[in-house]
Every structure is written in C-alpha cells, then in structure tokens.
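The chain contents come next:
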Amino acid sequence: MRTTVGIIGAGPAGLLLARLLHNAGIDSVVLESRDRAYVEQRQRAGILEQGTVDALRAAGAGERMDREGLRHDGIELRFDRRRHRVDFPGLTGGRSVMVYAQTEVCKDLIALQLKEGGPLLFEAEALAVEGAESDRPSVRFRREGREDVLECEYVVGCDGFWGVARKAIPAELSRVFERTYPFGWLGILADVPPSHDELIYARHERGFALLSMRSPSVSRLYLQVPADTDARSWTDEEIWDELERRFETDDDWTLRRGPITQKSVTPMRSFVHEPMRHGRLFLAGDAAHIVPPTGAKGLNLAVGDVITFARALVHRRQTGSEELLDAYSAHCLRRVWQAERFSYDMTTMLHRDPDATPFEERLQLARLDRIASCRAAETDLAEGYTGFPID
C-alpha cells in the first residue's frame, strides 16, 4: 500500500490532518488501532479554542459544531468565597471558545473522511515506523491478523503518548522535559443541567474544583484528589458534597445535583519531546507534548500542529521549497511552550499542593486577586485561554 502521507492515529489531530490534505488534493491513509465505536466514544477534551473552531469551519467540519456546540464568552474564577468573571471578547478583540466534546469532533471528521477522503483503516495497529531518514519512510502495521506495510513520502505520528511514532526517533537525538504533579482530577459526567452557563474554576483550601458541561442537559465536573485515588472509593453523595464545599460563595448560588453516569481519575503531567521532527517523520499532539488539563490546551495544540504540517506540505508542493517543513519542529514548539507555560500557571495557581507552605498559598490568592483587579493580568489569561495564534 502506498500514499503520500501516512497518518498514525484517528483522534481529532489525525482526522483533521487527513481532511486538510484531502482539501488540498494530497492523498493520505489513516491507521487507527481501535475500532470506530471506541474512537467515537472516547471521552477527552471539550473546550475548543477560537483557532480550532475556525479551522474546523474552514475544513468543512463545522456545521454540527455550530448547531450543537455551546459558545462561551468567558469563565468564572472563584477564590476566597468570591466570584470574578473573565470576559473573553471584551479582552481579546472578540475571541471566544466553544464547548463541543472531542467525541463529537471525531464523529464529524470520521463521517467526512469515509464519505469523501482517503482510506481510514480501523483496527490497524501500527507496529513501527521505518526508514524515517530516507525519502520513502514506511509504517509497518497489523490488520485482521496479517502484517502489511504502508509506504509513504511522509509519516505523521498522531498516535498519542504511548504510540510507536516517537520511538522511531533515536534516543541520542531526543530531549524530554516533564513534570508530574502530586494530584489528579476525579471527573464525573452527570445527567443534570449545568449549574452555571459558563465554566467555573474554583481555588479552595480543600483543593481545586471545575464546573464544566457537555450539553445543556449534561454536566462535567472535576475535583482535585491525590494522584493515586481510585474513583470507586468516592460515593456519589460524597462527590456532590465536596463539590458544593469547593464552589461555595457568599451569595445564593447553588449547585444542581443529579445522577452520576461516569467517574474516572485523570493524572496531571506536563511533557514535551524535542524535536518534533526526524527526517520525514513528524510528531503531532500527545505524541510530542502533554499539558495538564487545567488550561484546556491538549486537543487545541494538536490541531495547531497538523495545521502547521499541512501548510508546510502545501507550500512544498506549490514552491518546491522545504523551508516550512524544515521549520516544523521549531515553529510548533514556540506555541507548545507558551501553552505549557499557560497550563502550568493555571494549574499551580488553582490547585492546592499538599506540600505548600502558608506563604505559597497566600501567593496563589495574590495571583488570583491580581487577575481580578488588573486588566493587563486579566487580558493575559483571556488571550491564553482563547488560544495562541496558529501562524
């Protein structure tokens, strides 16, 4: 089997890349180790930055998002029993975010790919990337019990942290930067309308809490818990009681309760692999970088990566110049590190470190008070949250 671009992974990054290449007249093949049902049900991110929303619309994948997604023009910060709303459009010249689950993005892109695009092979497990330094790299994969080889001009690894793509970069060329946090998020899905029309980020002495949503009738909420927590150790009533404590304010706001349909614990880590390119192998998304979810950056960073690659390949086709392909890693990493900084700042400002001193806890409150009282600080948060430019 031969193609121009071999894409490993049918998450939102791999699927959007296939769509961008199709629209540019460049053929590709997508290999996905899981079946279609798993990909379309995999619960992940739910906040789309302005640039991601614009990219999906431009790719022809925005119709259902615009119909069913929830545009949000701000977030609310809660600390010291106070409430402060950050107005995104007023601080960023009109930018906002969209609440639209990753599962729905994948459904839309899969439907388009199967209808109009190149091959999308489910249950095709990538085993290795070979010949990355040559002009004809390949992906060895297994499907229906048989091994096969996908020969390509370029390979893009959108196969996540545990995938095979990054392993094809020689260890002596790799640099890894990472931090593991001593806490995680206990996340729930609940069949109850959200208790607020925008996301609430709460810093509390008992730990962080986040109120989010998946739809007008389904709430998504999170509690900071120790990293080794078993979600089953929390009863539904204990979860609602703790959420109520951490969202408490001095006014009459109340938290709506409802049936919890899903519980899970998400670990918190920061990770960057440099470089993001080796020969004709390019890394995108979690294969190259991970951010703690506090800043809602993971999916959006992956989208920025594949847009950068698609533009570089189109430029190569139009001009014969390798300049943008050669600059791919450096170009992406500038945006990645800004997103890492933003996510780290949000995480350390809002979460209670079990080893924090009273001095450090007062600094958290001072940082939040600065955002609530200084337009420049508030603007910096709004610009980071709505997304760094995809140049």
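Residues numbered from 1 in each chain as written. Predicted model: local features only at pLDDT ≥ 70, side-chain atom pairs only at ≥ 80, totals over all residues. Heavy atoms only, no water.

If you check an unreviewed UniProt entry, the chain appears there as 4-hydroxybenzoate 3-monooxygenase from Streptomyces mexicanus.

Draft legend 1. Looking closely at the overall build of the chain. Scanning the chain from terminus to terminus reveals 12 helices and 20 strands. For the chain, the C-alpha radius of gyration of 21 Å lies close to 21 Å, the compact-globule estimate for 391 residues. For the chain, the spread of C-alpha atoms along the three principal axes comes to 65 × 40 × 40 Å. If you take every contact in the chain between residues at least 6 apart in sequence, the share linking residues at least 24 apart comes to 71%. Within the chain, one finds 52 positive and 62 negative side-chain charges whose respective centroids are separated by 1 Å. (Helix = DSSP H or I, 4+ residues; strand = E, 2+ residues; numbered from the N terminus. Rg over C-alpha atoms; globule rule 2.2 N^0.38 Å. Contact = heavy atoms within 4.5 Å. Lys, Arg positive; Asp, Glu negative; His and termini not counted. Charge placed at Lys NZ, Arg CZ, Asp CG, Glu CD.)

Draft legend 2. View of the sheet that holds strand 8 (residues 120–121). Spatially, the 6 strands line up as an open sheet ordered 8-2-1-12-19-18, and their pairing is mixed. Each of the sheet's edge strands pairs with one partner strand only, and the pair in question is strand 8 and strand 18 (277–278). With 3 bridges connecting them, strand 12 (residues 154–157) and strand 19 (residues 281–283) associate as parallel partners. When the sheet's bridge partners are listed, Gly157 is paired in strand 19 with Leu283. (Pairing = 2+ DSSP bridges.)

Draft legend 3. Layout of the pattern of salt bridges. Counting across every chain of the model gives 39 salt bridges. A salt bridge links Glu68 to Arg67; the nearest nitrogen and oxygen atoms lie 3.8 Å apart. When its relative accessible area of 54% is taken as the criterion, Arg67 is described as exposed. We note a salt bridge from Arg140 to Glu130, for which the minimum N-O separation is 2.9 Å. (Salt bridge = Lys/Arg side-chain N within 4 Å of Asp/Glu carboxyl O. Buried < 20%, exposed > 50% of the residue type's maximum accessible area, 1.4 Å probe, protein only.)

Draft legend 4. Empty space enclosed by the protein, seen in detail. Tallied over the full model, the rule gives 1 cavity of 30 Å³ or more. In this structure, the largest cavity encloses a volume near 40 Å³. In this structure, the largest cavity is lined by Pro12, Leu16, Thr52, Leu56, Val105, Leu109, Leu299 and Val303. Those elements that provide at least two residues to the lining of the largest cavity are helix 1 (12–23), helix 3 (50–58), helix 6 (102–116) and helix 8 (298–319). (1 Å grid on protein atoms, 1.4 Å probe; cavity = no way out; pocket = protein on both sides within 12 Å on 5 of 7 lines; lining within 4 Å. Points joined across faces, edges and corners; volume = space filled by probe spheres on them.)

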